[in-house]
Amino acid sequence: QVQLVESGGGLVQAGGSLRLSCAASGRTFTSYDMGWFRQAPGKEREFVARINRSGGNTYYADSVKGRFTISRDNAKNTVYLQMNSLKPEETAVYYCATDPGYVLRLRPQDYTDWGQGTQVTVSS
């Protein structure tokens, strides 16, 4: 079990920006691809972005391409999600998660460890 702690959420107006952080415990952070997901009340958890172990490859949901950037700093055991031009419909709890596999996976059930989430509220 890898412990993950998300932070950086908050209240932002539509069009604004936030940067989320996900800090991982231990010294095996580089063993995982990392994903960001979000879940609004009453809705399914939704894939947002993924980054591979080295950080050289990223993948985004179509809805966030061009606005969100996922990155990681393996020396700090931290993955980030820079969110720009936020929309009210993107109000949700944002989670980071680990994937020990080596292929691109986008389903929440494919990820093993999850943080507690951080609330992002985008006002209109």
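Residues numbered from 1 in each chain as written. Predicted model: local features only at pLDDT ≥ 70, side-chain atom pairs only at ≥ 80, totals over all residues. Heavy atoms only, no water.

Q: Quick question: what am I supposed to make of the environment of V120 here?
A: Mapping V120 onto the fold places it in strand β11 (residues 118-123). Separated by 29 residues in sequence, V120 and T91 have C-alpha atoms that sit 5.4 Å apart. Aside from chain neighbours lying at most four places away, what touches V120 is G9, G10, L18, L20, M83, E90, T91, A92 and Y94. (Helix = DSSP H or I, 4+ residues; strand = E, 2+ residues; numbered from the N terminus. Contact = heavy atoms within 4.5 Å.)

Q: Sorry, what's going on with the sheet that holds strand β7 (residues 68-73) here?
A: For sheets, the rule is that strands pair by backbone hydrogen bonds, running either parallel or antiparallel. In space, the four strands of this open sheet follow the order β1-β3-β8-β7, with antiparallel pairing throughout. Of all strands in the sheet, those bounded by a partner on one side alone are β1 (4-7) and β7. Each neighbouring strand pair of the sheet contributes to a mean axis angle of 15°, computed without reference to strand direction. As paired elements, strand β3 (residues 18-24) and strand β8 (residues 78-83) share six bridges and run antiparallel to each other. Across the sheet, the residue bridging to L20 is L81, located in β8. (Pairing = 2+ DSSP bridges. Axes fitted to C-alpha atoms, helices over the stretch in contact; angles between N-to-C directions.)

Q: Hey, could you run me through the environment of L4 in this one?
A: Structurally, the position occupied by L4 is in strand β1. Placed 17 residues apart in sequence, L4 and S21 show a C-alpha to C-alpha distance of 9.9 Å. When sequence neighbours within four positions are dropped, the list of residues in contact with L4 reads C22, A23, A24, M34, C96, A97, T98, D113, W114, G115 and Q116.

Q: For this particular structure, what's the right way to read unusual backbone geometry?
A: A positive phi angle, close to 55°, is found at N77, a residue other than glycine. Of note, N77 is situated in the loop between β7 and β8. One non-glycine residue, S85, lies in positive phi territory at about 50°. Tracing the sequence through the fold places S85 in the loop between β8 and β9 (92-99). The exposure class assigned to S85 is partly exposed, which follows from its relative accessible area of 39%. (Buried < 20%, exposed > 50% of the residue type's maximum accessible area, 1.4 Å probe, protein only.)

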